[in-house]
Amino acid sequence: MLKLFNTLTGRQEAFESIEPRKVRMYVCGVTVYDYCHIGHARSALVFDVLRRYLEYSGYTVTFVKNFTDVDDKIIKRANEQGVACDAVTAKFIQAYHEDMGKLGIQAATAEPKATEHIGDIIQLTERLIKKGLAYVVDGDVYFEVSKYPEYGRLSKRRLDDLQAGARVDVDQRKHHPMDFALWKSSKPGEPAWESPWGLGRPGWHIECSAMSIRHLGETFDIHGGGMDLIFPHHENEIAQSCGATGKEFARYWVHNGFVQINKEKMSKSLGNFFTIREIFEKSEWPEDITGEILRYFLLSTHYHGPLDFSDQALTEAKNALNGFYDLFHRLSEAGGLGEGDDGSLRTAVERARKSFIQTMDDNLKTSAAIAALQGLRSDVNKLLGVGLSTESRQAARQAFRSLGVVLGLFQLGRWDFNVCVVPKPAQLVLNTFPPAVTIARQIRETEIDGKVAQRIEAKKRRDFKRADEIRAELKSLGITLEDKPDGTTRWKR
RNA sequence: GGCGCCGUACCCAAGUGGUAAGGGAGCAGUCUGCAAAACUGCGAUGCAGCGGUUCGAACCCGCUCGGCGCCUCCA
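Definitions and cut-offs
- Residues numbered from 1 in each chain as written.
- Chains lettered and ligands numbered in written order.
- Predicted model: local features only at pLDDT ≥ 70, side-chain atom pairs only at ≥ 80, totals over all residues.
- Heavy atoms only, no water.
- Near = heavy atom within 4 Å.
- Helix = DSSP H or I, 4+ residues; strand = E, 2+ residues; numbered from the N terminus.
- Nonpolar A, V, L, I, M, F, W, Y, C, P; charged D, E, K, R; others polar.
- Domains from an automatic or database assignment.
- Buried area = accessible area lost by both parts, 1.4 Å probe.
- Salt bridge = Lys/Arg side-chain N within 4 Å of Asp/Glu carboxyl O.
- Polar contact = N/O pair within 3.5 Å; in protein donor to acceptor, adjacent residues only side chain to side chain.
- Buried < 20%, exposed > 50% of the residue type's maximum accessible area, 1.4 Å probe, protein only.
- Right-handed = clockwise from strand over helix to strand, strands pointing away.
- Pairing = 2+ DSSP bridges.

### Observations regarding the protein's contact with RNA strand B
Part 1: Around RNA strand B, 58 residues are found, and the nearest of them are K73, W204, G226, L229 and R471.
Part 2: For RNA strand B, the fraction of protein-proximal atoms (within 4 Å) that sit in sugar or phosphate groups is 70%.
Part 3: Looking at the surface near RNA strand B element by element, the count peaks at seven residues for helix α12 (residues 366-386).
Part 4: Looking at side-chain class alone, the surface near RNA strand B contains 14 nonpolar, 22 polar and 22 charged residues.

Structure representation (structure tokens):
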């Protein structure tokens, strides 16, 4: 039974879906005016994993993630670059899909854009005005916070407290400093739509209410986003939606913690952010490996806490992952026969699976779930030392694959994590290159394999000096060699 | 000022009242021409600090300290 920390109640609660075996969830995506950084990646990944785990647990998940494609920052960016707003948003929506795709983040069931829901937004705004929860001033529409008595229940704030901390430059036309715009009249040159209040565009918060209600209904199961969205964004969504419908909006509110650099929140204003594509560009590893490293890193901490990003952290993730892929490679190789203990394997797999489920059920403790997989890795390595049947080796690999898919890990093929075997000299005529690798990688791997073959020859002549030179040369290029007992050599990055 | 998150070994990180998992790094050993991998062993008498509750606390309560965040756009 899955338990989730619900920001609304401040407690961890057993998750029960409204409809049996079905989950409807909404996650706030990004405002598309720039490339995404790792903070965005973390949020996207956390909810990607939540979705995967719900599906693993047998739910059918309707997962909606929006794009905010009308906003001050977009307008500013478009003006700076002298292009239309929709050129900016189209570019960064595509970039979003590219970047998140590299991280193995699955597309949502629906990915609506604010501009596609102007009608819904206007309708919802009218509904709020009719109910007396919103008022019109000079073509702007504001939500009147004091008319929603429960305002502050998500962020645990009281209007009085907020008022005390409110800044000086409050718009005097507002009834209360915390009143927020549902509809903004537009200046010339800005994107604008016809509305009962004149030409204008939606405020930020209203779009999520309109889109979630449209795609998921007035009450749905899970609403997620980064912790910085709790106030005011999600607070305002609740006020609008519940105000308009008179029903509960989302039942479980899930928020992820920040990615930090040197203990500080990663943010544009501090300039301490790394974009996802920047990391891929700078990575010394190929794209699919870098993606898995990032995923492993981002999941190595519980989603609710802060996570410090650093080169060292990435290296540690890579090292930890190496151990898994080394094992997968061993599992794929022939040999290792002997007095196999296939029953012990089944026991180990079952133990790992139980532990994995138990920790994931406990508010998605991915760090502990990974620990369960590490335990299985250790168990399988030991069993392999004794010997396992071909069937058991396949079953072991399959166990890692099937649990790993929940985290989006361990799906790469036996060759793809840069573990390759150069055959014995007699077999050198055989081409063993994997078909999936890129041309660039093939060329580099060809060179490596040439060196390795030279070294095997040197070893045959018992010219260990030459053999060690080649090893050192490759080591300086980040290539590690492993001589296997059967005379073949395995290399990896 | 209000609200919230976090604080466990060199690093990451479990544990949520019964006497500190796991991984990475490091060191030592087995193996190896040498390495690598794997395996074995070592590694916090202590869980930010101080009090309290308890037979017993990293876990519960109180206070304090430290880091971060939100209250303005922010994943």
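### Description of the domain arrangement of chain A
Part 1: Examined at the domain level, chain A breaks down into domain 1 (17-256), domain 2 (310-407) and domain 3 (419-492).
Part 2: Averaged C-alpha coordinates put domain 1 and domain 2 at centres separated by 40 Å.
Part 3: Across the interface of domain 1 and domain 2, roughly 750 Å² is buried in total on both sides, 68% from carbon and sulfur atoms.
Part 4: Of all residues in domain 1, V49, Y53 and Y56 give up the largest surface area on contact with domain 2, accounting jointly for 74% of the area buried on that side.
Part 5: Joining domain 1 to domain 2, the criterion identifies zero salt bridges.
Part 6: Put simply, domain 1 and domain 2 have three residue pairs in polar contact (both at pLDDT 80 or more) between them.
Part 7: Residue composition of the side of domain 1 that touches domain 2, by class: five nonpolar, no polar and one charged.

### Re the pairing of strand β3 (residues 22-31)
Part 1: Most of β3 is tucked away: eight of the ten residues are buried.
Part 2: For the handedness criterion, the β-α-β arrangement of β3, helix α1 (residues 38-56) and strand β4 (residues 60-68) is classed as right-handed.
Part 3: Where β3 lies against strand β9 (residues 220-226), three bridges are found, and the strand directions are parallel. What sits directly across from Y26, in β9, is H223.

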